[in-house]
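# An overview of the molecular structure
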Amino acid sequence: MRRLCDLALRALTRLVLGIFFRRVEVVGGHRLPAGGPTIFLGNHYNALIDPALALGWLPPGVRMLAKSTLWRQMPVGLFVRLAGAVPVYRQVDRGVDTAKNVEMFARCWRILGEGGSIALFPEGLSHNEPALQPLKTGAARIALGTAARYPEADLSIVPFGLVFEARDRFRSRALMEIGHPIELRRAAAWHGWDLSAGETEQETVRSLTAEIERELAAVTLNYASWEEAEIVRRAADLWVSEQEGVGAGHRLKPGLPYQRAFAEGYADIKRLYPRETAQVRRRTAAYARLLDLTGLTDRQVTSDYPPALVARFLAHSAFELLVLLPAGLAGTVINWLPYKIPRWLVPRLPIQADQHATYKVMISLFLFPAVWLTLGWLAWRWWGPGVALPLLIVSPLSGYAALLLKERCQRLVVESRAYLLLRGPQMLRGPGTLAERLRARRRELLGSIRSLVDAYQAAQE
């Protein structure tokens with residue numbers, strides 16, 4: 001029964017997040033252990049979306065550690081129970097008895113000792129900061145306590161980093177990167193740790209926590225400020241389009257190593273080349289403002305729009321719209337209200353930014369079925385089961401068709417507008433050639449970035 005519940009919850013999580021996010025990418029999946037006791041550790045700045053991604057894309061059967069107050073919150077409490085989660089009694093939670101963490105540690109040791117796996121977020125809480133926060137020592141204490149109580153257990157600690165294109169935006173993209181496992185026995189032999197001492201040896205706990213922090217930092221993106229994050233992201237996106245081609249921008253994976261390299265080297269570059277760095281910042285901001293004002297993307301600026309490709313795009317778009325139109329229109333009528341309510345309501349709630357996506361998903365998860373059931377009940381009363389049952393089947397399917405129809409329409413409008421601005425008749429483009437002006441700004445910015453990269457690489461050699 002437990003196995004069936006795990007698989008059902010995993011499928012539900014993948015379905016829901018597969019709709020909320022346009023794409024969830026996994027990098028380094030080959031590093032996931034085939035079995036054995038494992039502690040999965042991730043960064044945490046998107047509230048309940050983070051554990052949902054862990055449940056959906058880590059191996060089945062992983063037991064999440066979650067704050068104890070969630071068990072009192074409905075409907076979240078239902079999900080943490082179904083997931084077999086382990087409650088953590090945090091000092092920051094009002095009215096919580098932290099002495100109960102003795103039970104939490106004992107349960108984690110037992111799960112791992114029996115060959116199971118757990119997952120937790122060692123920062124301790126979800127946050128809105130642009131970098132990892134100092135890690136708590138709980139993960140290290142769980143690992144060392146397991147090693148002392150179950151000497152035969154070959155325990156691994158696997159970090160995973162979560163990266164979001166826009167963490168609270170519907171149909172954005174998310175990425176999970178699996179890091180290099182820390183094999184506890186091998187790490188203990190290398191550092192000279194005495195695993196028999198368990199979680200009581202404070203120096204070992206601190207040393208293992210530092211090791212975990214290094215490995216977790218290697219699979220996350222960390223910045224000094226959100227302003228720096230935006231500058232680095234835009235510069236890295238521009239660089240990756242030159243190195244990998246414009247098609248790489250459709251996924252997060254190709255740009256991740258460049259973005260991480262830029263982020264890691266930014267502080268040194270700013271210190272060594274302050275004038276050049278300031279110039280890159282100004283040119284990046286200016287190019288970004290131009291793109292925002294014109295509503296264009298960097299990919300569109302660099303596109304040549306060959307006639308054959310444009311013709312194929314228009315023909316393909318027309319075919320998709322014709323196929324999706326009937327079901328999409330019906331789905332729009334049926335699902336318009338539950339689609340709009342979370343988008344309108346959540347920004348007005350007194351909650352932190354890291355909780356927006358969670359509330360949107362949770363509200364939608366119950367609002368959509370409620371609307372479908374209400375419509376089915378009304379149809380049953382007015383027209384009988386012959387209409388009600390097909391309506392209950394059609395409502396979710398037509399809703400997905402409506403989503404696809406909306407995206408295809410938006411894409412057609414956006415690409416048509418870009419084509420007219422960049423390649424259309426001169427009267428539509430205004431005085432001068434917009435494409436040439438944007439490309440000139442882009443070349444200047446790319447040249448500045450290339451000079452900085454070359455100078456930094458030369459300094460490192």
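To keep things clear, this report deals only with the structure shown in the data block. Bear in mind that the values here come from a model prediction, so they are computed numbers and not experimental data. (Residues numbered from 1 in each chain as written. Predicted model: local features only at pLDDT ≥ 70, side-chain atom pairs only at ≥ 80, totals over all residues. Heavy atoms only, no water.)

### Remarks on the pairing of strand β5 (residues 117–120)
The cut-off we apply is this: The rule is simple: take the accessible area with a 1.4 Å probe, protein chains only, and divide by the maximum for that residue type; under 20% is buried, over 50% is exposed, in between is partly exposed. Secondary structure elements follow DSSP: runs of H or I no shorter than four residues count as helices, runs of E no shorter than two count as strands, and numbering proceeds from the N terminus. DSSP-based pairing: two strands are paired if at least 2 bridges between them are found.
Residue alternation in β5 divides its side chains into two sets, S117 and A119 and I118 and L120, and both sets are buried. Alignment of strand β2 (residues 38–42) against β5, held across 4 bridges, turns out to be parallel. Counterpart to I39 in the pairing with β5 is I118.

### Quick notes on unusual backbone geometry
Residues other than glycine seldom take positive phi values, yet A47 does so here, at roughly 50 degrees. Mapped onto the fold, A47 is located in the loop between β2 and α2 (49–57). Overall, the relative accessible area of 11% leaves A47 in the buried class. In this structure, Y305 is a non-glycine residue whose phi angle is positive, near 50 degrees.

### Things to note about the pattern of salt bridges
The condition is simple: Should a side-chain nitrogen of Lys or Arg be within 4 Å of a carboxyl oxygen of Asp or Glu, the pair is scored as a salt bridge.
If you walk through the whole model with that rule in mind, you get 23 salt bridges. Note that R233 and D237 form a salt bridge whose closest N and O atoms lie 3.0 Å from each other. Note that R233 and D237 are positioned in helix α8 (residues 226–244) at a spacing of 4 residues, about one turn of the helix. Overall, R233 belongs to the partly exposed group, its relative accessible area being 29%. Under the relative-accessibility criterion, D237 is labelled partly exposed at 33%. Linking R299 and E415 is a salt bridge whose minimum nitrogen-to-oxygen distance equals 2.4 Å. Remark: E415 occurs in helix α14 (residues 385–422) and R299 occurs in helix α11 (residues 298–302); sequence separation between them is 116 residues. E415 sits in the buried class, given a relative accessible area of 12%. Here the salt bridges do not stand alone but share partners, grouping E230, R233, R234, D237 and D292 into one network.

### A closer look at the side chain of R173
Stated precisely, the cut-off is as follows: Pairs of N or O atoms are called polar contacts if they sit within 3.5 Å, as long as, within protein, a hydrogen donor faces a hydrogen acceptor (for residues adjacent in sequence, only side-chain-to-side-chain pairs).
One can find R173 in strand β7 (residues 173–178). Here R173 falls in the buried class, since its relative accessible area comes to 11%. A polar atom in the side chain of R173 sits 2.8 Å from the side chain of E165.

### Brief notes about the nonpolar core
Note the following rule: To qualify as a nonpolar core, a set must consist of buried Ala, Val, Leu, Ile, Met, Phe, Trp, Tyr and Cys residues joined through side-chain atoms within 4.5 Å.
In this structure, W239, F262, Y287, L296, L422, L438 and I449 are the most contacted members of the largest nonpolar core, which totals 39 residues. Sorting the residues of this core by element identifies α8, α9 (256–272), α10 (274–294), α14 and α16 (434–460) as the ones contributing at least two each. Among the elements that take part in this core, α16 stands out by supplying 9 residues, more than any other.

### With respect to the packing of α9 against α16
This is how the line gets drawn: In this analysis, axes come from line fits to C-alpha atoms, helices being fitted only over the stretch in contact, and the angle between any two N-to-C directions falls in the range 0 to 180 degrees. An angle counts as roughly parallel when it lies under 35 degrees, as roughly antiparallel when it exceeds 145, as roughly perpendicular when it falls between 65 and 115, and as oblique in every other case. Throughout, a contact is declared for two residues whenever any of their heavy atoms are within 4.5 Å. Basically, the charged four are Asp, Glu, Lys and Arg, the nonpolar ten are Ala, Val, Leu, Ile, Met, Phe, Trp, Tyr, Cys and Pro, and anything else, Gly included, counts as polar.
At a minimum axis distance of 11 Å, the contact between α9 and α16 shows a crossing angle of 80 degrees. Here α9 lies roughly perpendicular to α16, going by the angle between them. Side by side, α9 and α16 meet where F262, G265, D268 and I269 of the first sit next to I449, L452, V453 and Y456 of the second. Along the lines of polarity and charge, the residues of the contact of α9 with α16 split into 6 nonpolar, 1 polar and 1 charged.

### Considerations on a nonpolar patch on the surface
Spelled out, the test is: Grouping into patches uses exposed residues only, defined as over 30% relative accessible area, and leaves out salt-bridged ones; the cut-off is 9 Å for like charges and 5 Å for nonpolar side chains (Val, Leu, Ile, Met, Phe, Trp, Tyr). Methods summary: accessible areas were calculated by the Shrake-Rupley approach with a probe of 1.4 Å, and residue burial reflects only the protein chains presented.
A cluster of nonpolar residues, L12, L15, I19 and Y400, forms a patch on the protein surface that exposes about 350 Å² of accessible area. With respect to the helices and strands, L15 occurs in helix α1 (residues 2–20).

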